[in-house]
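Given next are the chains, with one letter for each unit.
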Amino acid sequence: MSASLSYLERSKLHSNPTAKAFLELMERKKSNLSVAADLNKKAALIELADKVGPYICLLKTHIDVVEDFDQDLVDQLTALAKKHDFMIFEDRKFADIGNTVKLQYGSGIYKIASWSDITNAHMVPGEGIVQGLREVGLPLNRAMLLLAEMSSAGTLAKGDYTVKTVEVARKYKDFVVGFIAMERYADKEGDDFIYMTPGVGMDQTSDGMGQQWKHPREVVFDRGCDVIIVGRGIYGGGRDAAKEAKRYQEAGWNAYVERISK
Ligand code: BMP
C-alpha cells in the first residue's frame, strides 16, 4: 500500500520525471506543504513565495488573478523555486475539449506549460482533456493531477464521477500522477498516485462561502493524503506567513511520519 511507504520509496515507482523529482524533494525538504498563493498583486505574490519558500514543497498559483502579471513574475517565481527548492503548480483547472486545452496550456499570455511543473483538470469533458494536455506537457516532462473530488460544500465531484476519474488516471499514468482529492482511494496493483488536498486549516473550519477546512492530521494520517494545500490559514488575516508555514509544515510532516510508522 502506497500510504505506508515513504515518499522516497514511492519516487522509485514513478516513470514521470516530475513526480519522481517531487517525491524526492518532499523527502529531502521534509515538507508535504503546498501554499495556495491566491494574491492579486505581483509584488505580494513574490514576497509570499520568498517567505514561505523554506517550508514548502510546492507553490500553488492562480496566475490569472494577478492584475499586473508579466513574464518577469514567472522568471522571479522560477528563480525562487530554485533558491528554496520547491516546485510550482498552476491550479488552472482546465475543463474544455482536448484541442482547446492544448491551446490554453501552451499558449496565450500565461504559457503555463513553459513554467508550471504541475497543472490540473476537471474530467467533465471526458478523457480527451487528458490527451490534449498530455500532448503539450509530456514532451516538456510536466505532470498533471485530475480533480477527483473538491473541498467545497455541495460539490458534484463524487461517487461514480470520482471512480471514473481514477480509471482515466490509470490509463495515462505517464502524465496523470495524482489527484486533488479528499481521501486516498483503494490502490490497484501498480498504482502510486500523489494525493493533494485543499481545504486545510488549523484555526477555522469554514469561510462562509462553501470552503471546508480540515486539520492536517485528519488529511494526512486519517485520510491518507500526501500534500496539504493551505492558503488563507497561512497568509490570511494579517498572519505571519513564515511562522504559519513552519507550523503547517511541522503538522503535515508529523502526520506523515506517524502514518508511515503505523
Ligand atoms: P484556502 O486554504 O485559502 O481556502 O485556499 C484553498 C485553495 O485551494 C484555493 O486556491 C482554491 O482554489 C483551491 N482549491 C480548493 O479550495 N478546493 C478544491 O477542491 C480545489 C482547489 O484547487
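Named according to an unreviewed UniProt entry, the protein chain is Orotidine 5'-phosphate decarboxylase originating from Linnemannia hyalina. Among the UniProt annotations of the protein chain, the heading Catalytic activity (unreviewed entry) holds the following wording: "orotidine 5'-phosphate + H(+) = UMP + CO2". As stated in UniProt under Pathway (unreviewed entry), the record for the protein chain gives "Pyrimidine metabolism; UMP biosynthesis via de novo pathway; UMP from orotate: step 2/2."

Draft legend 1. Representation of the UniProt feature "binding site: substrate" (unreviewed entry) in the protein chain. Here the UniProt-annotated "binding site: substrate" (unreviewed entry) positions come out as Asp38, Lys60, Ser151, Gln211, Gly231 and Arg232. Looking only at the residues we just named, the largest pocket is lined by Asp38, Lys60, Ser151, Gln211, Gly231 and Arg232. Overall, the relative accessible area of 35% leaves Asp38 in the partly exposed class. With near-sequence residues (within four places) excluded, Asp38 lies in contact with Lys60, His62 and Tyr235. You can see Arg232 is positioned in helix α9 (residues 232-235). Look past the residues within four positions of Arg232 in its chain and what remains in contact with it is Asp207, Gln211, Trp213 and Arg239.

Draft legend 2. Layout of the environment of Asp207. Within the secondary structure layout, Asp207 lies in the loop between β7 (194-197) and α8 (216-222). For the pair Asp207 and Ser152, spaced 55 residues apart in sequence, the C-alpha to C-alpha distance is 10 Å. Every residue in contact with Asp207, bar those within four places of it in the chain, is listed here: Trp213 and Arg232. A distance of 2.8 Å separates the side chain of Asp207 from the backbone nitrogen of Met209, its partner in a polar contact.

Here is what the cut-offs are and how they apply
- Residues numbered from 1 in each chain as written.
- Predicted model: local features only at pLDDT ≥ 70, side-chain atom pairs only at ≥ 80, totals over all residues.
- Heavy atoms only, no water.
- UniProt positions renumbered as here; feature names shortened; annotations may be inferred.
- 1 Å grid on protein atoms, 1.4 Å probe; cavity = no way out; pocket = protein on both sides within 12 Å on 5 of 7 lines; lining within 4 Å.
- Buried < 20%, exposed > 50% of the residue type's maximum accessible area, 1.4 Å probe, protein only.
- Contact = heavy atoms within 4.5 Å.
- Helix = DSSP H or I, 4+ residues; strand = E, 2+ residues; numbered from the N terminus.
- Polar contact = N/O pair within 3.5 Å; in protein donor to acceptor, adjacent residues only side chain to side chain.

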